[in-house]
Amino acid sequence: MSDNIEKTADLVVTEGQTIELEITDMTDDGKGLGRLSGLAIFVAGAVPGDKVSARITRLKKRYAFAETITLLEASAARVQPPCPYYQDCGGCSMLELSYEEQLRIKRKNIITKLERIGALEEPTVREVVGAEDTIGADGGPADKADSAGSEDFESMLRYRNKAEFAVVMTSAGPLVGFNKRGSNKIVDCTDCLLQKRATMAAANAIRELLQDKLISVYDARHGKGFLRGFTIKVCEGTGEMMLIFTSTAKHLPNAEKIIYTISDAIDAVSTETEPYFLQSVVIEVNKAKDVRKPVTAYEVVAGTNTITDITDDGMKFEISAPAFYQVNTKQMSKLYAKVREYACLKGGETVFDLYCGIGTIGLSMAADAGMIIGIEAVKNAVIDANRNAVINGIVNARYYTGRAEQVMPRLLDKEDKLFIDYIEKNAPKIAILDPPRAGCDEALLRAVASCEVDKIVYVSCDPGTLARDIKLLGELGYEFVEATPVDMFVATMHVECVVLMEKREA
Ligand SMILES: C[S@@+](CC[C@H](N)C(=O)[O-])C[C@H]1O[C@@H](n2cnc3c(N)ncnc32)[C@H](O)[C@@H]1O
C-alpha cells in the first residue's frame, strides 16, 4: 500500500475529518482508493468513478482509511447489486459494478502489480477471459452481459462448486452462513447468489437440524458440542455432491435422520438442468482450539469417499474431501485451455505439473506430452491424481507427494533415477506452476530454473505473489512473455492469471 509519497498522513488529514474525494481505483479487499494531496485514502463503500463525502476513520503513516458518508456522484459503472446480503456480508465486493467494469479493474490490478512488484515495463496482459458465455446454473442462456444486476449477469452467478459455511448458536437460534468480510461475525444467509440452489437447500436443512437440536454446535468457550462448520462440494458434470462436516468427533449422532433430511432437501430442488444429489458425507475431525489447524482424520459417514466430475472436455476427475478442485467448473476449462495454448506441446515434452492437486492440469495435456511429473503436498490429492490418470486411460503421468520446494530439489539430488532420466533426457521441458495464494517458495523456483526448463506457465490466484515470483524468475533467466487473466470469481476482487515465461537465450 505504500505509495512513495513525501508527506505523512497526519499532515494531510486528521481522524474524524470529513473530506470530499474522487475514487480512482479499487483495492484487493474491495475498498475504493482516492488521493488527497497525494495521500492514498482507502474508502469503504466506494467504487471507482464515485465522488464521495467520507469520514477519516484511521491514519497510518503513509495512508489513511475512511468510510463513505454520502455518495455525491455515483460512478457510471454502478449497478443495483442483486443480493440482499450485499451490505452485510461483503463477500462479493464487486457486485455493485457492471461486469465490464469488474473485468477492467481486475486486469488493471494485475498490470499494476506486474509493474510495481514484478518490475516489468508495460507488460502484455490480454483482456480478461470473462464468464459471459457461461450458462448459468439455472440453465438459462447467458448471452454477453454488460451490466451486473441484469438477468444476463445473474446467469453468470451460482458458479461456485464449493461452499464453506460457518455456524454458531445464538440465543435467537443457529446462524448458518459466511464470515462478514474482515470480522468474526457470521452473516446468516439462506441464499448466497454464488452458490448452487442445491448447496443452499442443504445448508438450510442443516440450519433446521441445528434448530431442532439434532446436531449440536461447537461452543468454543466451553470446548463442547459437535459442529464447527461444513463444506459442500458439487460436481456440475455429474450432479454428485459431497457434504463435509467439520467436527470435534468422528461419530455423527442421529446420522440416518440427518443424512435423509439433507438428501431430501437437495432432491426437492433438483431439476433436469441442476440434477444434484448427495453422494458422499464425510466428517473431518478438528479438535484444536483454532479451527484453522490441520484436520486430524477423515471419516466417510455415508456414500463414497470421492465424488466424480466430468468436464466440458470429457475428462473424468475423482475428488476426495481434502483435495483442491477449481471452484468455477466452466471457467476451469477456459483456464486449462489457456495453459495448453501457452505450453504449446508438440509431443514428447516432459511437463512438470507443480502444485498439481488431483492432477487436472497435467492430465488435460497428457495426450500431447511425453511425460507428466506431478508434485503435490496433500496425500489424498496425489491418490486422486493417480486414480484420475487411470480412469482417463493415461499412462504417462507420475506423481510425488510432498512440498514441491522440498521434493523437487531432493529429486534433483539424484534421489530418483526415473526423475533424473527425464531431466537429462534430450526433450523440451515445461514447468506448470499453480501454487496457492502465497505463491511459490524460492527454493522451488530455483530448482525449476536449475532444470533449465524451456518454458514456465504460471497459474496464479494472487497477482501480488505472482509478480514477486516473476521478478525472481526474471533474475533466474526467464523472460516474461505475456499474461491472460481468467475470471474464475465473478463479483469478487479475485482473479486467476496465466503467465507465459520463456528461457532467455544465452
Ligand atoms: C491452486 S491449487 C492448484 C491445484 C491444481 N493445479 C488444479 O488446477 O486444480 C494449489 C495446490 O497446491 C497444493 N500445495 C500447497 N502448498 C504446496 C507445496 N508447498 N507443495 C506442493 N503442493 C502444495 C495444494 O494442496 C493445492 O492442491
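None of the values given here were measured: they were computed from a predicted structure.

I keep staring at the nonpolar core and nothing clicks. Help me out?
Most often, soluble globular proteins have nonpolar side chains that are buried together. The biggest cluster of nonpolar side chains holds 99 residues, and the ones touching the most others in it are Phe 165, Leu 227, Phe 230, Phe 245, Ile 262 and Val 490. With 8 residues, helix H4 (residues 197-211) is the largest single contributor of residues to this core. No fewer than three residues from each of domain 2 (160-310) and domain 3 (328-503) sit in this core. The contact partners of Phe 165, leaving out residues within four places of it in the chain, are Val 176, Gly 177, Phe 178, Thr 199, Met 200, Ala 203, Gly 229, Phe 230 and Ile 232. By size, the runner-up hydrophobic cluster in this structure holds 44 residues, among which are Phe 419, Leu 433, Cys 451 and Phe 480.

Can you help me understand the sheet that holds strand S4 (residues 51-59) in this one?
Strand pairing in a sheet relies on backbone hydrogen bonds. The paired strands run either parallel or antiparallel. Pairing is mixed in the closed barrel, where 5 strands are placed in the order S1-S2-S3-S5-S4. Each neighbouring strand pair of the sheet contributes to a mean axis angle of 50 degrees, computed without reference to strand direction. Sheet analysis places S4 next to strand S5 (residues 63-73), joined by 8 bridges and oriented antiparallel. Within S5, the position partnered with Ile 56 by the bridge is Ala 66.

Which parts of the structure should I look at to understand the pairing of strand S9 (residues 227-234)?
Sheet faces and side chains relate simply in a regular strand, where the side chains alternate between the two faces. The buried fraction of S9 is high, at 8 of 8 residues. In terms of strand pairing, strand S6 (residues 162-170) meets S9 through 5 bridges, oriented antiparallel. By the bridge assignment for S9, Ala 166 is matched with Gly 229.

Help me out: how do you make sense of the packing of helix H9 (residues 404-415) against helix H11 (residues 442-450) in this one?
Each pair of packed helices can be summarised by the angle the axes make with each other and by the distance between the axes. Running from N to C, H9 and H11 point in directions that differ by 35 degrees, and their axes come no closer than 8 Å. Considering only the axes of H9 and H11, their crossing is left-handed. Counting all contacts with H9, which are made through Ala 404, Glu 405, Met 408, Pro 409 and Leu 412, the residues of H11 involved are Ala 443, Leu 444, Ala 447, Val 448 and Ser 450. Per-class residue counts for the contact of H9 with H11 are 8 nonpolar, 1 polar and 1 charged.

Explain the pairing of strand S14 (residues 316-320) to me, please; I cannot follow it from the model alone.
Burial of S14 is extensive: 4 of the 5 residues sit out of reach of the surface. The antiparallel pairing of strand S13 (residues 306-310) with S14 creates a hairpin that spans 5 residues between the two strands, and Gly 314 there sits at a positive phi of about 85 degrees.

Mind showing me how you'd approach the UniProt feature "binding site: S-adenosyl-L-methionine" (unreviewed entry) in the protein chain here?
With numbering matched to this structure, UniProt assigns "binding site: S-adenosyl-L-methionine" (unreviewed entry) to Gln 326, Tyr 355, Glu 376 and Asp 434. Checked against the element boundaries, Tyr 355 lands in the loop between strand S15 (350-354) and helix H7 (360-365). What makes Tyr 355 buried here is its relative accessible area of 16%. In contact with Tyr 355, other than residues within four places in its own chain, are Ile 375, Glu 376, Ala 404, Glu 405, Asp 434, Pro 435, Pro 436, Gly 439, Cys 440, Asp 441 and Leu 444. One can find Glu 376 in strand S16 (residues 371-376).

When you look at the side chain of Asp 384 in this model, what are you seeing that I'm missing?
Examined against the element boundaries, Asp 384 turns out to sit in helix H8 (residues 379-391). Not counting the four nearest positions on each side in its chain, Asp 384 is found in contact with Thr 306, Glu 318, Ile 319, Ser 320, Ala 323 and Ile 358.

Mind showing me how you'd approach the environment of Ala 377 here?
Along the chain, Ala 377 turns up in the loop between S16 and H8. Classification of Ala 377 as partly exposed rests on a relative accessible area of 46%. Put simply, Ala 377 and Gly 357 are 20 residues apart on the chain and 8.1 Å apart in space, counted from C-alpha to C-alpha. Excluding residues within four positions of it along the chain, Ala 377 makes contact with Thr 401, Gly 402 and Arg 403.

What am I meant to see in the UniProt feature "domain: TRAM" (unreviewed entry) in the protein chain here?
When the UniProt feature table is mapped onto this chain numbering, "domain: TRAM" (unreviewed entry) sits at residues 12-70. Helix makes up 0% of residues 12-70 and strand makes up 63%, while its end C-alpha atoms are separated by 21 Å.

Just checking my understanding: could you explain the site of the ligand for this structure?
The environment of the ligand is formed by 18 residues, the closest being Gln 326, Tyr 336, Glu 376, Ala 404 and Asp 434. Gln 326 is positioned with one of its side-chain polar atoms (N or O) 2.9 Å from an oxygen atom of the ligand. A total of 600 Å² of accessible area belongs to the ligand in isolation, and the protein chains cover 90% of it. Across the shell around the ligand, the residue classes tally to 10 nonpolar, 4 polar and 4 charged.

Quick question: what am I supposed to make of the domain arrangement of the protein chain here?
Once the domains are mapped, the protein chain shows domain 1 (9-73), domain 2 (160-310) and domain 3 (328-503). Once you take the C-alpha centre of each, domain 2 and domain 3 turn out to be 32 Å apart. Taking both sides of the interface into account, the surface hidden between domain 2 and domain 3 amounts to around 530 Å²; carbon and sulfur atoms contribute 44%. Applying the counting criterion to the domain 2 and domain 3 interface returns 1 salt bridge. Between Lys 330 and Glu 236 there is a salt bridge, and its shortest N-O distance comes to 2.9 Å. Here domain 2 and domain 3 share 2 residue pairs in polar contact (both at pLDDT 80 or more) between them.

Analysis parameters
- Residues numbered from 1 in each chain as written.
- Predicted model: local features only at pLDDT ≥ 70, side-chain atom pairs only at ≥ 80, totals over all residues.
- Heavy atoms only, no water.
- Core = buried A, V, L, I, M, F, W, Y, C linked by side-chain atoms within 4.5 Å.
- Buried < 20%, exposed > 50% of the residue type's maximum accessible area, 1.4 Å probe, protein only.
- Helix = DSSP H or I, 4+ residues; strand = E, 2+ residues; numbered from the N terminus.
- Domains from an automatic or database assignment.
- Contact = heavy atoms within 4.5 Å.
- Pairing = 2+ DSSP bridges.
- Axes fitted to C-alpha atoms, helices over the stretch in contact; angles between N-to-C directions.
- Left-handed = near helix turned anticlockwise from the far one by under 90°.
- Nonpolar A, V, L, I, M, F, W, Y, C, P; charged D, E, K, R; others polar.
- UniProt positions renumbered as here; feature names shortened; annotations may be inferred.
- Near = heavy atom within 4 Å.
- Polar contact = N/O pair within 3.5 Å; in protein donor to acceptor, adjacent residues only side chain to side chain.
- Areas by Shrake-Rupley, 256 points an atom, 1.4 Å probe, with all protein chains shown as cover.
- Buried area = accessible area lost by both parts, 1.4 Å probe.
- Salt bridge = Lys/Arg side-chain N within 4 Å of Asp/Glu carboxyl O.

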